Amino acid sequence: MVKNNRALRPVLTAFACGLSLALMMGCSSSGASKEDVGGNAVSESPTTESVTGDASSKDQEKNEATVADANATTDSNEMSRGEAKDVADTVQSQISEEDAIAQGNQVLEGTVHVTNAEEIIKMQGVDVDPAAVSNGGTYAVLVFDSEKDITGMLADGSGEVTRKSKMFGIGEHTDYESFVIEYGDLDLWKSLDGKQVKIAAKAEDIWFPTDARLPLNEPSSKTVQVVS
């Protein structure tokens with residue numbers, strides 16, 4: 001038996017070495033495969049980064065576009081709010097006479113006239129060259145049947161006054177070379193041209209001119225309400 005064991009030792013040793021060699025080759029193959037995979041991963045990394053970079057760039061452009069759209073919307077909204085305020089300053093809303101008086105308004109009644117500078121001057125009965133006080137504008141005035149006491153502010157800022165007036169400016173559009181004078185809703189007044197109308201206005205919104213503008217020496221207001 002000892003002899004047999006001695007005879008088997010070379011065989012077992014060879015078998016063990018072969019098995020070890022096979023295992024070592026297998027590990028090396030596996031390691032090579034992993035290295036290859038790792039190598040491929042490394043080589044593909046720039047491509048992945050490129051794709052990621054492109055995606056990030058697209059996301060950034062998308063975000064910038066979104067921000068730009070938001071800013072445009074904000075600007076549009078701000079512009080819309082600004083336009084709404086301007087309209088609110090000039091469009092004539094309606095109010096009852098009782099409410100108008102209760103809110104501290106002066107209620108004035110007269111006939112609406114929408115016309116040019118020449119006609120305004122004729123209605124006022126003054127001898128003035130239209131070119132000296134106008135630039136071909138369109139005017140809307142409320143002409144009273146008789147003089148009325150009206151309280152308003154002097155345009156030079158010197159304070160409140162009460163004066164007798166024959167007419168009241170309620171709208172104008174005059175285009176000068178460097179600026180435009182525009183107030184009141186001329187479209188509304190054109191629709192009421194020649195009609196008897198009551199309006200309401202507060203003293204702080206009524207201005208007496210301190211320069212040569214139509215209607216001459218008469219009050220006007222860009223903020224009035226039609227009394228229903």
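Our structure's up above, just so we're on the same page.
Quick summary incoming for the structure in this document. (Residues numbered from 1 in each chain as written. Predicted model: local features only at pLDDT ≥ 70, side-chain atom pairs only at ≥ 80, totals over all residues. Heavy atoms only, no water.)

## Regarding the overall build of the chain
Part 1: Within the chain one finds five helices and eight strands.
Part 2: In the chain, the order of α-helices and β-strands from amino to carboxyl end is α-β-α-β-α-α-β-β-β-α-β-β-β.
Part 3: When burial is assessed residue by residue, the chain has 27% of its 228 residues classed as buried.
Part 4: Counted over contacts in the chain with a minimum sequence separation of 6, partners at least 24 positions apart contribute 70%. (Helix = DSSP H or I, 4+ residues; strand = E, 2+ residues; numbered from the N terminus. Buried < 20%, exposed > 50% of the residue type's maximum accessible area, 1.4 Å probe, protein only. Contact = heavy atoms within 4.5 Å.)

## Considerations on the nonpolar core
Looking at soluble globular proteins, one finds that nonpolar side chains tend to be buried together.
Part 1: Val112, Leu142, Phe168, Ile170, Trp189 and Ile199 are the most contacted members of the largest nonpolar core, which totals 21 residues.
Part 2: Elements with a contribution of two residues or more to this core: β2 (106-116), β3 (138-154), β4 (160-175), α5 (186-191) and β6 (196-201).
Part 3: In contact with Val112, other than residues within four places in its own chain, are Val141, Leu142, Ile170, Trp189, Leu192, Asp193, Gly194, Lys195 and Val197.
Part 4: Counting 10 residues, the second-largest nonpolar core is a separate cluster that includes Ala117, Ile121, Val143 and Met167. (Core = buried A, V, L, I, M, F, W, Y, C linked by side-chain atoms within 4.5 Å.)

## Quick notes on the packing of aromatic side chains
Part 1: Under the definition given, this model contains one aromatic pair.
Part 2: The aromatic ring of Phe208 is capped on one face by Arg163, whose charged end is 5.4 Å from the ring centroid. (Phe/Tyr/Trp six-rings, centres within 6.5 Å; stacked < 30°, edge-to-face > 60°. Lys NZ or Arg CZ within 6 Å of the ring centre and 35° of its normal.)

## Remarks on the pattern of salt bridges
Part 1: Under the criterion given, the structure shown has four salt bridges.
Part 2: For the salt bridge of Glu119 with Lys122, the shortest nitrogen-to-oxygen distance reads 3.7 Å. With a gap of three residues between them, Glu119 and Lys122 both fall in helix α3 (residues 117-124), about one helical turn apart.
Part 3: Take Glu119: its relative accessible area is 33%, and that puts it in the partly exposed class.
Part 4: A salt bridge links Arg213 to Asp211; its shortest N-O distance comes to 3.0 Å.
Part 5: Assessed through its relative accessible area of 41%, Arg213 is described here as partly exposed.
Part 6: Accessibility expressed as a relative area gives 39% for Asp211, which makes it partly exposed. (Salt bridge = Lys/Arg side-chain N within 4 Å of Asp/Glu carboxyl O.)

## With respect to the environment of Gln94
Part 1: Turning to its location among the elements, Gln94 is positioned in strand β1 (residues 94-95).
Part 2: For Gln94 and Val224, which are 130 residues apart along the polypeptide, the C-alpha to C-alpha distance reads 9.1 Å.
Part 3: If we ignore the near neighbours within four places in the chain, the residues touching Gln94 are Gln225, Val226 and Ser228.

## With respect to the pairing of β2
Part 1: The sheet contact formed by β2 and β6 spans six bridges and is antiparallel. Across the sheet, the residue bridging to Gln106 is Ala201, located in β6.
Part 2: Inspection of the sheet shows β2 paired to β3 by six bridges, in the antiparallel sense. Residue Asn116 lies in a different strand from β3, and its bridge partner there is Thr138. (Pairing = 2+ DSSP bridges.)

## Considerations on α3
Helical geometry note: an α-helix holds 3.6 residues per turn, so side chains three or four residues apart project in the same direction.
Part 1: Listed in full, the buried residues belonging to α3 are Ala117, Ile120, Ile121 and Gln124. Viewed along the axis of α3, the buried residues span an arc of 100 degrees, placing them on a single side of the element.
Part 2: Buried residues along α3 sit against β2, α4 (130-133), β3 and β4.
Part 3: Near the N-terminus of α3, the side chain that reaches the backbone nitrogen of Glu118, with its oxygen 3.4 Å away, is that of Asn116.
Part 4: Trailing α3 by a residue or two, Gly125 shows a phi angle of about 70 degrees, which is positive. (Arc of directions from axis to C-beta. Polar contact = N/O pair within 3.5 Å; in protein donor to acceptor, adjacent residues only side chain to side chain.)

Just geometry here; none of it tells us what the structure is for.
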